[in-house]
Structure formats: structure tokens, C-alpha cells
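# Architecture and fold: a report
Here is what each chain is made of, one letter per residue.
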Amino acid sequence: MARPLNRISPFNVVSLALGLAFLYLPIVILVIYSFNASRLVTVWGGWSLRWYREFLHDRAMLDAAWMSLKVAAVSATSATLLGTLAAVALSRGERFKGRTLFSGMLYAPLVMPEVITGLSLLLLFVAVGAERGFWTVTIAHTTLTMCFVAVVVQSRLAPLDRSLEEAAMDLGCNPVQAFLRVTLPLIFPAIAAGWMLAFTLSLDDVVIASFTTGPGSATLPIRIYSEVRLGVKPEINAICTLVLALIAVVIIVASFASKLTSARGESAAPL
Amino acid sequence: MSARRIFARPARLAAIAPYLWMALFFLVPFGFVLKIGLSQTAVAQPPYLPVFDLTQGAAALKAAAAQLSLDNFRLLVSDNLYILSYLRSLIVAAVSTAILLGIGYPIAYGMARLPRHWQSIAMMLVIVPFWTSFLIRIYAWINILQHDGLLNKILLALHLVSAPVVWLSTDSAMYLGIVYSYLPFMILPLYATLARMDPALLEAASDLGASPRSTFWLVTFPLSLPGVGAGALLCFIPIVGEFVIPDLLAGSNAMMIGQTLWLEFFTNKDWPVASAAAVVLLVLLVAPLALYDRMQRRQLEGVS
């Protein structure tokens, strides 16, 4: 059928191309300059791995990077467990008491300014006398990222045909078996994507981590942030590029996970 | 009993753990914010004894003996710094959201008109920056915008300017950073509504003699309004409390409430006032949040 108005116009192409260039150019420039041999960030002195070597000898930065990876791995895992449970409850539990409050609590942190979330969690930790450090940051990140996991998993769970679960139960599965054997494999790509999103969000966060961490347990973004405030340093370019590379790997794995299921005839989830 | 009903019960039980977690680590903390915002005695709680700001003097300490008080809130209203910060945050968020809409709409529109296969690729390309670090992307701009950065070099080489332009620590840099960081948040909901639209509606409009332009304004745009609303709120609310971007790109000029709150908390160590400021900010944001929630539910109902 002819769709005369649905054709793409030069205006569409130009706005798309400009938009994507705007999104990617700064990152590309950052990566290129991370291989700059010059001490001055803005003068090109030829290709070099100098700043990557510098980073590998920077004890404080390495400690912060390790701390960040630990926090991200633990919080992403617990956030994925909790977020998936929340998604199941919201899309399969139908009406239950306090459902509105529950979904409200799950959506609010997605848009809540981080300053408020961070401040409120810190006041809680102080009030109960919790020592701030690895665990407080991990709890804070779990709280924030489980909401993202819940949204991602729910977007996959909601359009899923329920007759599959019903068929499994007609064939003798109990609900838990039906979930584990039928539903879980089908939503697995979304769960994997949720974990990875949680991981990268945790790896990225400055504000909430600043509020909830204690002395001596700064995460990488906190360190980068305090360095950047003092001015641009070439070593930061290298660290940022390494973080970008790590995230790129995560995204590639995530898209593979969703390709796997589209090969099985499923449409890939958007996230 | 149908299989669907059997499934619903264990599914409801699945809510217990995340429910308790969110109640404990999301809801309860606000209680503490409110309590500390209202009280001054809590200030003396060890081991995090926040030093009372010297400008408040000993009188404030004596007054602190009286438990609950609205003093912190009164300070917020009487101190120009706070009023200006709130105003400034709302203005910056409104202006940024308007710019984001202006830039994001054509991009989302272009995406929605691509062939199916290209749509998912374009979608992926927009999502990737959303996954990459906020901080790193802002930092990338500092590289470009600094005094002898790439932007000034290009402008000088093209003889568009005769001397390097100061970009960093300006409002323009801040707006640029905000628009850059939040663009995916604006594009995605817009794209979602535009892509869902039935092309038959456009055909009908053109069959009935509408020009492409009037088809856009009479059919496409009104139908995309839920996406416009979702995108605007998704951007507006976090921008109001934004801290990192104004701090890095606009420096101390920014004076947004997120920064003031941070300063009050970490530099002045005045937790009660910071808490009170957070409560006010929260109240300012609850209205749009509730609106967003209602819209989301209406959208969900529209789908099913």
C-alpha cells in the first residue's frame, strides 16, 4: 500500500544525522585525545599509550576503580533480583493491596533528583548509626537501579502472551514451575539487559555515592569528579575511555542476548 | 479456577521483598529528611555532629533546645539565596526542556519515519549514550569547551572569532551540557508515541486534502502529545535538582538549588537547613510527578 506521507524527507535525514553527530562527536573526540602523547590536553603530540600507563600506576585511582566495580557488581545483582520480582508482581499479580504505592515507589526514583535521594538515604544511615562505606553505597545503588530493572523487565513481561503460562499450568506445572520453565527463559534478555543497565548506572553515579560513602571508600566517579573540578588532566581522558570500553562490551553482550531470542522468533525488547 | 488466577497469587507474593526494600530505603528516608528538616536538636546527634553555621550564632543553638521548629523553613523563605536558587532551577529546567523538545522532536520524527529495520538501529544509537556515563559525557564537553579547546581552535581557524571565547563557566555551557545529557530522555518517549501512530491516519488526512504541513499540525502533533508530556516531565524534574552539570559547566554562577543544597550540606554542614531545602524541593516536584504517574497509567490503559 502506498504511504505517500510516510516517506522520509531530506529534512528527516538531516535532523537525524545532526542529532546523532551531536550525541557522538564529543565522545569520539575524548577517546582520540586519550591517546595523545602531549601533557597538554589540547595540543596534539602524536599517538601514545602514556596516560593509560599513568593510570595503571595511580594507586588511588585503581582503588577507586576496584571499589566501583565491586559496588556495581553487587548492587546490579541484588537490583536485578528485586527488580525482576517487582516486575512480576506488577504485571502478573493484578490487583493487590498497596499496588499504587508500590508502583509509585518504583517509578519515583527514576525521575527524583539524585541530590534528594542521596540526602535522604544518608540521613537514614546516620540515624541508624550505619558505618558508611561499601555497603551503604551498594544499598543506595540497589535502591536506585532496581527501579530501572523493574521497568525494563516489565516492558518485556507485559506484552508476553499469558496463554503460554496457562498452557504450562494446564500441562501440570505449578505457577512457580511455569514461571521458571516458560516465563523466565522468555524474559531473560530483559533481565540481562536490566542487570547491565544497573551495572552501568552504578558505575556512573557521583551524587548518590558522594552522599552515602564514607572516608576512604571513594568510587571512581567521585575521584574523577574531584579531579575534573580542578581542571582537565590527560590521565582522566584515558580512564574515561577505559570506562567507555567496559560499557561498550556490556552493551555488545546485551545486544547479543536480545539477538539470541529474536533468532528464536521473538521480537527484541527495546532495552 | 483459571490458570491465570492461580498464577496471580505467587506473583503477588513476589512483591514482598521489593516492597519492603523500597519502603525501607526509599519511603522511610523521607521521614528522616522531614524530621531533621523540622528539628534542630537532632543536629547534636553524635558521631556526625554537624557544626552549626557561625552566621547563625549562639542564639540559634539556644533556640535549638525547642524541639520541633519551622525555623529552617522560615530561613528558606527569608533568605534570598534559596528563593533565587529555586527560581533559577525552575527557569533553567523550563528553558532546557523547551530546547530539548525543539531538538528532540525532529530527531524522533525522523526516526519514526525510517524503514523498520533502520528504526531499531537508530533506536539503539540513541540509547547507547544513555548507557554511557553522564560524567564522562560532561567531561568530554569540558575538553571541547575549554579556553584552548577544540571549539575555540575551530572558530579561530575559520576566522569566525579573533580571540578565544570563554565557554566554560557560562550559562550557555550549562544549557549545552544539560541538553546533551538529557536528549535521549526526550527522544525515546517521543519516538515511542510517533512510531505507534497509525499511518492510515496520515493517509486519510491527505486523502481529505490536507497539506503535509497541516497534516503534521492537525494530526501528528496532537497525537504525539502524550509523548511530549512524558518527555518533558522525564527531563524537567531531574533537571530542577541537577547538580553535576551546572557545577562542572557553569561553575559557581549556576546557583541552582541542587548546588545550594549540596553546598549547605557538605560545606556549611548545616544538615537541618539542607533537609528543609530538600523537603521544599520535593514538594515543588511532587505535582509534576503525580501528573506523570497519572499520564503513565492512562497510557497503559490506552495500550491494553
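In the nomenclature of an unreviewed UniProt entry, chain B is known as ABC transporter permease subunit of Bradyrhizobium sediminis. Regarding chain B, the UniProt comment filed under Sequence similarities (unreviewed entry) reads as follows: "Belongs to the binding-protein-dependent transport system permease family. CysTW subfamily."

Identification of chain A as ABC transporter permease subunit from Bradyrhizobium sediminis is taken from an unreviewed UniProt entry. Taken from UniProt, the Subcellular location (unreviewed entry) comment for chain A reads in full: "Cell membrane".

Attention shifts here to the overall build of chain A. Scanning chain A from N- to C-terminus turns up eleven helices and zero strands. Traced from its N-terminal end to its C-terminal end, chain A shows the element sequence α-α-α-α-α-α-α-α-α-α-α. Principal axes of the C-alpha set define a box for chain A whose edges measure 70 × 65 × 30 Å. Every one of the 271 residues in chain A was classed for burial, and the buried ones make up 56%. When the accessible surface of chain A is totalled, it reaches about 11,700 Å², and 68% of it is carbon and sulfur. The distance from the centre of the 20 positive side-chain charges to the centre of the 15 negative ones in chain A is 4 Å.

Here we come to a nonpolar patch on the surface. Residue and element names in this part refer to chain B. Taken together, the side chains of Val-77, Ile-83, Leu-84, Leu-87, Ile-91, Val-95, Ile-99 and Ile-103 make up a nonpolar region of the molecular surface, amounting to roughly 640 Å² of accessible area. Per-element tally for the nonpolar patch: the top contributor is helix α5 (residues 80–113), with seven residues. With respect to the secondary-structure elements, Ile-83 resides in helix α5. You can call Ile-83 partly exposed: its relative accessible area is 33%.

Right, let's get into the packing of helix α5 (residues 114–127) of chain A against helix α14 (residues 257–267) of chain B. For the pair α5 of chain A and α14 of chain B, interaxial distance at closest approach is 10 Å and the crossing angle is 25 degrees. As summarised for this structure, α5 of chain A and α14 of chain B are arranged roughly parallel, according to the angle between their axes. Crossing of α5 of chain A over α14 of chain B shows left-handed handedness. Only Gly-258, Leu-261 and Phe-265 of chain B of α14 of chain B make contact with α5 of chain A, whose side of the interface consists of Val-115, Leu-119 and Leu-122 of chain A. Of the residues that constitute the contact of α5 of chain A with α14 of chain B, the class distribution is five nonpolar, one polar and no charged.

This next bit is on the UniProt feature "transmembrane region" (unreviewed entry) in chain B. Residues and elements named next belong to chain B. The sites that UniProt annotates as "transmembrane region" (unreviewed entry) are residues 12–34, 86–109, 121–144, 150–168, 175–194, 214–236, 248–265 and 271–292. Counted over residues 150–168, helix gives 42% and strand 0%. Its end C-alpha atoms are 13 Å apart. Span residues 175–194 is 100% helix and 0% strand, its end C-alpha atoms 26 Å apart.

Moving on, we get to the packing of aromatic side chains. Across all of its chains, the model carries 27 aromatic pairs over all chains by this definition. The structure contains a cluster of three or more aromatic residues connected by ring pairs, namely Phe-211 and Tyr-225 of chain A together with Phe-243, Trp-262, Phe-265, Phe-266 and Trp-271 of chain B. Just above the ring of Phe-134 of chain A sits the side chain of Lys-70 of chain A; from NZ or CZ to the centre is 5.6 Å. Between the NZ or CZ atom of Arg-137 of chain B and the centre of the ring of Phe-134 of chain B, over which it lies, the distance is 5.6 Å.

Another aspect to go through is helix α9 (residues 171–196) of chain B. All names here are of chain B. The terminal C-alpha atoms of α9, which comprises 26 residues, lie 37 Å apart, in line with the 38 Å expected from a rise of 1.5 Å per residue. Tyr-182 marks where α9 bends most, by close to 45 degrees; the proline Pro-184 follows one to four residues later. Summarising burial for α9: 19 of the 26 residues are buried, a large majority.

All names here are of chain A. Under the feature "transmembrane region" (unreviewed entry), the UniProt entry names residues 12–35, 71–90, 102–128, 134–157, 178–198 and 236–257. Between the C-alpha atoms that bound residues 134–157 there is a distance of 33 Å. The span itself is 100% helix and 0% strand. Taken end to end, residues 178–198 is 100% helix and 0% strand, and its two terminal C-alpha atoms sit 27 Å from one another.

The interface is formed by 103 residues belonging to chain A together with 96 residues belonging to chain B. Summed over the shared surface of chain A and chain B, the number is one salt bridge. Asp-247 of chain B is paired through a salt bridge with Arg-229 of chain A; the nearest N and O atoms lie 2.9 Å apart. Counting across the interface, chain A meets chain B through eleven residue pairs in polar contact (both at pLDDT 80 or more). When residues in the side of chain A that touches chain B are grouped by element, the largest group, 14 residues, is from helix α1 (residues 10–33) of chain A. Residue classes in the side of chain A that touches chain B are distributed as 73 nonpolar, 16 polar and 14 charged.

Rules behind the numbers
Residues numbered from 1 in each chain as written. Chains lettered and ligands numbered in written order. Predicted model: local features only at pLDDT ≥ 70, side-chain atom pairs only at ≥ 80, totals over all residues. Heavy atoms only, no water. UniProt positions renumbered as here; feature names shortened; annotations may be inferred. Helix = DSSP H or I, 4+ residues; strand = E, 2+ residues; numbered from the N terminus. Buried < 20%, exposed > 50% of the residue type's maximum accessible area, 1.4 Å probe, protein only. Areas by Shrake-Rupley, 256 points an atom, 1.4 Å probe, with all protein chains shown as cover. Lys, Arg positive; Asp, Glu negative; His and termini not counted. Charge placed at Lys NZ, Arg CZ, Asp CG, Glu CD. Patch = residues over 30% accessible without salt bridge, like charges linked within 9 Å, V, L, I, M, F, W, Y side chains within 5 Å. Salt bridge = Lys/Arg side-chain N within 4 Å of Asp/Glu carboxyl O. Axes fitted to C-alpha atoms, helices over the stretch in contact; angles between N-to-C directions. Parallel < 35°, antiparallel > 145°, perpendicular 65-115°, else oblique. Left-handed = near helix turned anticlockwise from the far one by under 90°. Contact = heavy atoms within 4.5 Å. Nonpolar A, V, L, I, M, F, W, Y, C, P; charged D, E, K, R; others polar. Phe/Tyr/Trp six-rings, centres within 6.5 Å; stacked < 30°, edge-to-face > 60°. Lys NZ or Arg CZ within 6 Å of the ring centre and 35° of its normal. Expected span 1.5 Å × (residues − 1). Bend = angle between axes of the 7 residues up to and from the residue. Polar contact = N/O pair within 3.5 Å; in protein donor to acceptor, adjacent residues only side chain to side chain.

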